Amino acid sequence: MVEESKNYLPLKAEDFLFERDENDNFKPQTVYIEELKRSIVITPIPQEEWVEMLNSNQEGTITTSEQDIKIIEKHLIEPKLNVEELKKAGKHILISKVVQAILDFSAKTIEN
């Protein structure tokens, strides 16, 4: 029998799962980026998409910049940026910070 400690809370299913809407899509989540002192609204990256990204990287079929644009286009809800705006921005540090925030938030569940 597992003894429950007074110092630790037991894990619950919601600790591992992102919320979904009635269509089974991930609900948007607000993520605070400490370095920027700003919040963004994102949707998490599903595990299948993680695998696809890793395979694309290993095969060399997509560049980092292309992958960053793809992640932002698909998973950044607020502020909404289009592909042309992202291409014009180049490899701006803010793009990297936003992509990293999306990856970090999404990885919380994938690691578990």
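Bear in mind the structure is a predicted one, so any value in this text is a computation, not a measurement.

Undergrad: What exactly am I supposed to notice about the environment of K70 here?
TA: With respect to the helices, strands and loops of the structure, K70 is situated in helix 2 (residues 64–75). Look at K70 and you get partly exposed, because its relative accessible area is 41%. Through-space distance from the C-alpha of K70 to that of L86 is 9.8 Å; in sequence the pair is 16 residues apart. Setting aside its immediate chain neighbours within four residues, K70 contacts E52 and I62.

Undergrad: Mind showing me how you'd approach unusual backbone geometry here?
TA: In most cases, non-glycine residues show a negative phi, while peptide bonds are predominantly trans. Here E78 and P79 are connected by a cis peptide whose omega angle stands at -5°. Inspection of the secondary structure puts P79 in the loop between strand 3 (76–78) and helix 3 (83–89). For D24, which is not glycine, the phi dihedral falls at a positive 70°. With respect to the helices and strands, the residue D24 is situated in the segment before strand 1 (29–33). Non-glycine residue K37 carries a positive phi angle of around 55°. Position of K37 among the secondary structure elements: in the loop between strand 1 and strand 2 (38–42).

Undergrad: Help me understand the packing of helix 1 (residues 47–59) against helix 2 in this model?
TA: Think of two packed helices as two axes; the pair is described by the angle between the axes and how far apart they sit. Packing of helix 1 against helix 2 leaves a shortest axis separation of 12 Å and a crossing angle of 165°. Taken together, the axis directions place helix 1 and helix 2 in an arrangement best described as roughly antiparallel. For the pair helix 1 and helix 2, the crossing hand works out as right-handed. Every residue of helix 2 that contacts helix 1 at E49, E52, M53 and N57 is listed here: Q67, K70, I71, K74 and H75. Looking at the contact of helix 1 with helix 2, its residues break down into two nonpolar, three polar and four charged.

Analysis parameters
- Residues numbered from 1 in each chain as written.
- Predicted model: local features only at pLDDT ≥ 70, side-chain atom pairs only at ≥ 80, totals over all residues.
- Heavy atoms only, no water.
- Helix = DSSP H or I, 4+ residues; strand = E, 2+ residues; numbered from the N terminus.
- Buried < 20%, exposed > 50% of the residue type's maximum accessible area, 1.4 Å probe, protein only.
- Contact = heavy atoms within 4.5 Å.
- Axes fitted to C-alpha atoms, helices over the stretch in contact; angles between N-to-C directions.
- Parallel < 35°, antiparallel > 145°, perpendicular 65-115°, else oblique.
- Left-handed = near helix turned anticlockwise from the far one by under 90°.
- Nonpolar A, V, L, I, M, F, W, Y, C, P; charged D, E, K, R; others polar.

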